[in-house]
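A look at the structure
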Amino acid sequence: MTEFELIDRFTRPAPRAGEGVVLGIGDDAAVLRPPRGEDLVVTVDAVVEGVHFDARFAPADVGWKALAVNLSDLAAMGARPLWALCALTTRRGERPARLAGVGRGLAACARAHGVALVGGNVSRARELSLTVTVAGAVPRGAALTRAGGRPGDLLFVSGRLGEAALGLAPQAPAAARARQRRPAPRLALGLALRGLATACLDVSDGLLQDLGHLCAASGVGARVELARLPGPPARAAARAGQDPLALACGGGEDYELLFSAPPRRAGAVAAAAARAGVAVTHIGALVGGGGVRLLDARGRTHTARARGHDHLR
Ligand SMILES: [Mg+2]
């Protein structure tokens, strides 16, 4: 199969036309028209065989996840997704059917979230990898950032924490395995939180680590009430020999939104969650000073040591 046949087979299932796509795949570069009066929000992330996935992952799940993790970053910024580009690397002799499967998964995620694939590239390497760039838009100046949290703001998280990490365990229930393989970017919630959340990020490296990032960017500390954490189903965690609290605090790959909002906006947060069709849980508050303190059910304080995922370890 030639490079061109490969690109065609890989990209064909994906939606290619969409808002602002003046000229898509097939020329030297794409021509894109940014929405009038809006800021572009752009991010890139790679998934690499042997690091982020292995042979246990279905090819379509690899493609889905490569796009979904990027869309999660757009969700965290309150952006509406528009375009994606994908750079693929592949071993000599890789099965074309496997690459086509990856392309189908990417296409399914793109279709599910209204994203047009506007460019791609393929090159030889020692392993399969996908580097996906996505762009979205927010009304000018309306992007959510990590930096606006203030002492006294309440802290919220969407969905369940630790379920995706549980999904890696051999005895994990099907729901947890699905969370690991096909994360659902919280785009609708991100949109609903514009003008409401004071700080926001997506939980990719584990709650405590990502909360540390939010606190550092906002120049605040945080208090987390452990009893409030929406962890993985306790029975399922126990069957898999895992501690649900550890999974909830440091599991990683949740792709949920962690955000702060003033207490007087708690009702609006609940309404935004209902509109987005996602559960949102109040888990604590931002405080003055620095550091993350964990309060257990008896009110005892523990100092958090972030044990999330370090990409370079
Ligand atoms: Mg992120």
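From a predicted model like this one, the values you see are computed outputs, not experimental measurements.

**Quick word on the UniProt feature "binding site: Mg(2+) 5" (unreviewed entry) in the protein chain**
- Per the UniProt annotation, the sites labelled "binding site: Mg(2+) 5" (unreviewed entry) are Asp-205.
- Within the element layout of this structure, Asp-205 appears in the loop between strand E8 (199-203) and helix H7 (207-218).
- For Asp-205, a relative accessible area of 9% gives the class buried.

**A few points about a nonpolar patch on the surface**
- Together, Val-22, Leu-23 and Val-31 give the surface a local cluster of nonpolar side chains, amounting to about 220 Å² of exposed area.
- Relative to the elements of secondary structure, Val-22 occurs in strand E1 (residues 21-23).
- Taking the relative accessible area as the measure of exposure, Val-22 reaches 42% and is therefore partly exposed.

**Notes on the UniProt feature "binding site: Mg(2+) 2" (unreviewed entry) in the protein chain**
- Following the UniProt record, the feature "binding site: Mg(2+) 2" (unreviewed entry) maps to Asp-45 and Asp-73 here. A maximum C-alpha distance of 9.6 Å places the annotated residues, which cover 29 residues in sequence, within one compact spot.
- Along the chain, Asp-45 turns up in strand E3 (residues 38-48).
- Of note, Asp-73 is situated in helix H2 (residues 59-76).
- If we skip the residues at most four places from it in the chain, Asp-73 touches Thr-43 and Asp-202.

**Considering the coordination of the magnesium ion**
- Looking at the metal site, the magnesium ion is ligated by Asp-73 (OD) and Asp-202 (OD), spaced 2.0 Å from it. Taken as a pair, Asp-73 in helix H2 and Asp-202 in strand E8 lie far apart in primary sequence, 129 residues in all.

**Some words on the side chain of Ser-218**
- Of note, Ser-218 is situated in helix H7.
- Within the local environment of Ser-218, its side chain forms a polar contact with the backbone nitrogen of Gly-149, the two atoms lying 2.9 Å apart.
- When neighbours within four sequence positions are excluded, Ser-218 is seen to be in contact with Arg-146, Ala-147, Gly-148, Gly-149 and Ala-199.

**What about the packing of helix H1 (residues 3-11) against helix H3 (residues 96-112)?**
- H3 packs onto H1 with a crossing angle of 40° between their chain directions and a minimal axis gap of 7 Å. The pairing of H1 with H3 is recorded here as oblique in orientation. Facing Leu-6, Arg-9 and Phe-10 of H1, the residues of H3 in contact are Pro-96, Ala-97, Leu-99, Ala-100, Val-102, Gly-103 and Leu-106.

**Points about the side chain of Asp-202**
- No salt bridge is formed by the buried Asp-202; its nearest oppositely charged neighbour, Arg-146, is found at 5.3 Å.
- Apart from the residues within four sequence positions on either side, Asp-202 is in contact with Ser-72, Asp-73, Ala-76, Asp-210, Tyr-255, Glu-256 and Leu-257.

**Quick notes on the domain arrangement of the protein chain**
- We note that the domain assignment places domain 1 (3-139) and domain 2 (154-303) within the protein chain.
- Distance between the C-alpha centres of domain 1 and domain 2: 27 Å.
- Tallying the contact residues gives 22 residues for domain 1 and 17 residues for domain 2.
- When domain 1 packs against domain 2, close to 1700 Å² is buried across both sides, 57% of that on carbon and sulfur atoms.
- Remark: the boundary between domain 1 and domain 2 carries two salt bridges.
- Taking the shortest distance from any N to any O, the salt bridge between Arg-182 and Asp-61 comes out at 2.7 Å.

**Description of the pattern of salt bridges**
- The final tally for this structure, using the stated rule, is 16 salt bridges.
- Residues Arg-12 and Asp-8 are paired through a salt bridge, measuring 2.5 Å at the closest nitrogen-oxygen approach.
- With relative accessibility at 55%, the residue Arg-12 sits in the exposed group.
- By relative accessible area, which is 32% here, Asp-8 ends up partly exposed.
- In this structure, a network of salt bridges that share partners links the residues Glu-49, Arg-91, Glu-94 and Arg-98.

**Focus on the sheet that holds strand E6 (residues 129-139)**
- With mixed pairing, the four strands of this open sheet are ordered in space as E3-E6-E4-E5. Among the strands making up the open sheet, the edge pair consists of E3 and strand E5 (116-124). In this sheet, adjacent strand axes meet at a mean angle of 15° when their direction is disregarded.
- Here eight bridges tie strand E4 (residues 80-90) to E5, and the two strands are oriented parallel to one another.

**Focus on empty space enclosed by the protein**
- For the structure on display, the rule yields two cavities of 30 Å³ or more.
- Its boundaries defined by the atoms lining it, the largest cavity holds a volume of some 50 Å³.
- Ile-7, Phe-10, Thr-11, Cys-86, Leu-88, Gly-119, Gly-120, Asn-121 and Val-122 together form the lining of the largest cavity.
- Counting only elements with at least two residues in the lining of the largest cavity, the list comes to H1, E4 and E5.
- Sort the elements by how many residues they give to the lining of the largest cavity and E5 lands first, with four residues.
- Among the residues forming the lining of the largest cavity, the class breakdown is five nonpolar, four polar and no charged.
- Roughly 40 Å³ of volume is contained in the second largest cavity.
- Surrounding the second largest cavity, Val-47, His-52, Phe-53, Phe-57, Asp-61, Val-62, Lys-65 and Ala-66 form its lining.
- Examining the composition of the lining of the second largest cavity, we find that four residues originate from one element, H2, more than from any other.

Analysis parameters
- Residues numbered from 1 in each chain as written.
- Predicted model: local features only at pLDDT ≥ 70, side-chain atom pairs only at ≥ 80, totals over all residues.
- Heavy atoms only, no water.
- UniProt positions renumbered as here; feature names shortened; annotations may be inferred.
- Helix = DSSP H or I, 4+ residues; strand = E, 2+ residues; numbered from the N terminus.
- Buried < 20%, exposed > 50% of the residue type's maximum accessible area, 1.4 Å probe, protein only.
- Patch = residues over 30% accessible without salt bridge, like charges linked within 9 Å, V, L, I, M, F, W, Y side chains within 5 Å.
- Areas by Shrake-Rupley, 256 points an atom, 1.4 Å probe, with all protein chains shown as cover.
- Salt bridge = Lys/Arg side-chain N within 4 Å of Asp/Glu carboxyl O.
- Contact = heavy atoms within 4.5 Å.
- Donors = N, O, S within 2.8 Å, 3.2 Å for Na, K, Ca; no water.
- Polar contact = N/O pair within 3.5 Å; in protein donor to acceptor, adjacent residues only side chain to side chain.
- Axes fitted to C-alpha atoms, helices over the stretch in contact; angles between N-to-C directions.
- Parallel < 35°, antiparallel > 145°, perpendicular 65-115°, else oblique.
- Lys, Arg positive; Asp, Glu negative; His and termini not counted.
- Domains from an automatic or database assignment.
- Buried area = accessible area lost by both parts, 1.4 Å probe.
- Pairing = 2+ DSSP bridges.
- 1 Å grid on protein atoms, 1.4 Å probe; cavity = no way out; pocket = protein on both sides within 12 Å on 5 of 7 lines; lining within 4 Å.
- Points joined across faces, edges and corners; volume = space filled by probe spheres on them.
- Nonpolar A, V, L, I, M, F, W, Y, C, P; charged D, E, K, R; others polar.

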